[in-house]
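Per-entry structural report
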Amino acid sequence: MTAAATEDIHIDFEATGFTYDGEAFVLDGIDLVVEEGSFVCILGGNGSGKSTLAKHINALLLPDEGRVAVFGADTRDERSVYFIRSNAGMVFQNPDDQLVASLIENDVAFGPENLGVPTDKMRQRVTEALAQVGLQGFEKRETHALSGGQKQRVAIAGVLAMDPRILILDEASAMLDPRGRRGLLRVCCELNAQGMTIVMITHFMEEASLADRVVVLDAGRIALDGVPSKVLTQTEQLAGLNLQAPFACRLSGELQRRGVPVATHVSEDDLKEELCRLLSKT
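None of the values given here were measured: they were computed from a predicted structure.

**Notes on unusual backbone geometry**
Non-glycine residue Phe 71 carries a positive phi angle of around 55 degrees. Mapped onto the secondary structure, Phe 71 falls in the loop between β4 (65–70) and β5 (73–74). We classify Phe 71 as buried; its relative accessible area is 18%.

Set out below in structure tokens:
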């Protein structure tokens with residue numbers, strides 16, 4: 001593939017295989033391209049390989065077979081690891097595992113400080129990153145006093161302060177309540193609208209409905225791949241993968257069975273809007 005052909009590709013898995021024990025493949029022949037500015041959601045049941053795939057993007061894990069390239073740089077090349085991790089920031093499931101300082105401003109500054117960012121520029125990055133996640137004015141707050149959702153936003157701000165081009169969220173909403181999940185999703189959608197590439201690993205189907213593209217893993221292989229309206233409406237296939245279609249999709253199907261002329265929706269807001277239009281005509 002030529003350089004011109006790859007300049008819009010941020011992540012490229014080529015026949016990627018990975019095993020923890022040298023025997024069972026957790027990733028098995030993964031071919032996946034993530035383009036610049038896209039919002040990709042990775043779904044799958046327990047043991048499907050979601051988190052393992054995420055850790056390959058910023059070289060926390062290296063493939064046993066095939067190749068993973070980020071911005072054209074092979075993750076197995078030790079000379080490229082610093083570049084890759086500076087540009088592909090990861091947020092993990094438990095924010096307490098990622099917070100390193102007692103004050104928010106110090107925590108957010110930790111990443112850029114280690115990258116050698118000058119002090120003045122670093123302070124600017126901290127201010128801008130906190131504003132991006134809706135925590136402006138929180139610089140002097142103590143991290144231990146924050147809610148789970150706020151801690152996760154601080155963790156995201158710490159990644160954003162390093163000025164990455166890709167944000168990877170590995171089950172980052174798993175420990176949040178519904179309000180915290182909505183806040184996290186809002187931040188991700190806003191960052192994506194600004195041009196950042198988002199890769200979200202999740203088991204919440206409603207989160208997947210907001211992505212541009214949904215990839216479903218099963219036993220380390222890609223089982224489904226496409227836009228949410230195509231993937232998340234395949235209720236029987238999803239059930240066979242121990243996944244439940246989004247509530248809006250299931251409700252759409254029930255309404256159709258009862259004779260209500262609605263389309264199949266993956267978004268609750270879209271279904272609500274269509275129902276309101278139908279009611280206005282009665």
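**Details of the nonpolar core**
With 50 residues, the main nonpolar core has Leu 43, Val 108, Ile 156, Leu 167, Leu 169 and Val 216 as its most contacted residues. Examining the composition of this core, we find that 6 residues originate from one element, helix α6 (residues 148–160), more than from any other. Those residues within four positions of Leu 169 in sequence are excluded, and the remaining contacts are Val 91, Ile 156, Leu 184, Cys 188, Ile 198, Val 199, Met 200 and Ile 201. Core analysis: the next-biggest nonpolar cluster, separate from the first, contains 26 residues, Ile 11, Ile 30, Ile 42 and Leu 61 among them.

**Section: the packing of aromatic side chains**
Enumeration according to the criterion identifies 2 aromatic pairs in this entry. Pairing Phe 18 with Tyr 20 gives two aromatic rings, centres 4.7 Å apart and planes at 90 degrees, and the pair type is edge-to-face. Here Phe 18 falls in the buried class, since its relative accessible area comes to 7%. Look at Tyr 20 and you get exposed, because its relative accessible area is 52%. Between Phe 71 and Phe 83 the ring centres are 5.7 Å apart and the planes differ by 70 degrees, which places this aromatic pair in the edge-to-face class. Here the residue Phe 71 occupies a position in the loop between β4 and β5, and Phe 83 occupies one in helix α3 (residues 81–87), the gap between them amounting to 12 residues. Given the relative accessible area of 35%, Phe 83 is considered partly exposed. The ring of Phe 138 is capped by Arg 141, whose NZ or CZ atom sits 4.1 Å from the centre of that ring. Lying over the aromatic face of Phe 204, Arg 181 brings its terminal NZ or CZ to 4.1 Å of the ring centre.

**Regarding the pattern of salt bridges**
On inspection of all chains with the given rule, the structure shows 13 salt bridges. Residue Lys 140 pairs with Glu 105 through a salt bridge whose shortest N-O separation is 2.6 Å. You can see Lys 140 sitting in the loop between α5 (119–132) and α6 and its partner Glu 105 sitting in helix α4 (residues 104–114), a full 35 residues away along the chain. Residues Glu 273 and Arg 277 are paired through a salt bridge, measuring 3.2 Å at the closest nitrogen-oxygen approach. Of the two residues, Glu 273 and Arg 277 both sit in helix α12 (residues 268–280), 4 residues apart, roughly one turn of that helix. Using a relative accessible area of 48% as the deciding quantity, one classes Glu 273 as partly exposed. Each of Glu 14, Arg 67, Asp 74 and Arg 76 takes part in salt bridges that share partners, so that together they form one network.

**As for helix α2 (residues 50–57)**
In terms of residue burial, α2 counts as a mostly covered element, since 6 of its 8 residues are buried. Every buried residue of α2 is accounted for by Lys 50, Thr 52, Leu 53, Ala 54, His 56 and Ile 57. Phi for Ala 59, located one or two positions after α2, is positive at around 65 degrees.

**Some details on the pairing of strand β2 (residues 25–35)**
Note that strand β1 (residues 9–19) and β2 share 8 bridges and pair antiparallel. Bridging across to β2, Ile 11 finds its partner in Val 34. Between β1 and β2, which pair antiparallel and follow one another directly, the connecting turn spans 5 residues, one of which, Gly 22, has a positive phi of 80 degrees.

Rules of the game
- Residues numbered from 1 in each chain as written.
- Predicted model: local features only at pLDDT ≥ 70, side-chain atom pairs only at ≥ 80, totals over all residues.
- Heavy atoms only, no water.
- Helix = DSSP H or I, 4+ residues; strand = E, 2+ residues; numbered from the N terminus.
- Buried < 20%, exposed > 50% of the residue type's maximum accessible area, 1.4 Å probe, protein only.
- Core = buried A, V, L, I, M, F, W, Y, C linked by side-chain atoms within 4.5 Å.
- Contact = heavy atoms within 4.5 Å.
- Phe/Tyr/Trp six-rings, centres within 6.5 Å; stacked < 30°, edge-to-face > 60°.
- Lys NZ or Arg CZ within 6 Å of the ring centre and 35° of its normal.
- Salt bridge = Lys/Arg side-chain N within 4 Å of Asp/Glu carboxyl O.
- Pairing = 2+ DSSP bridges.

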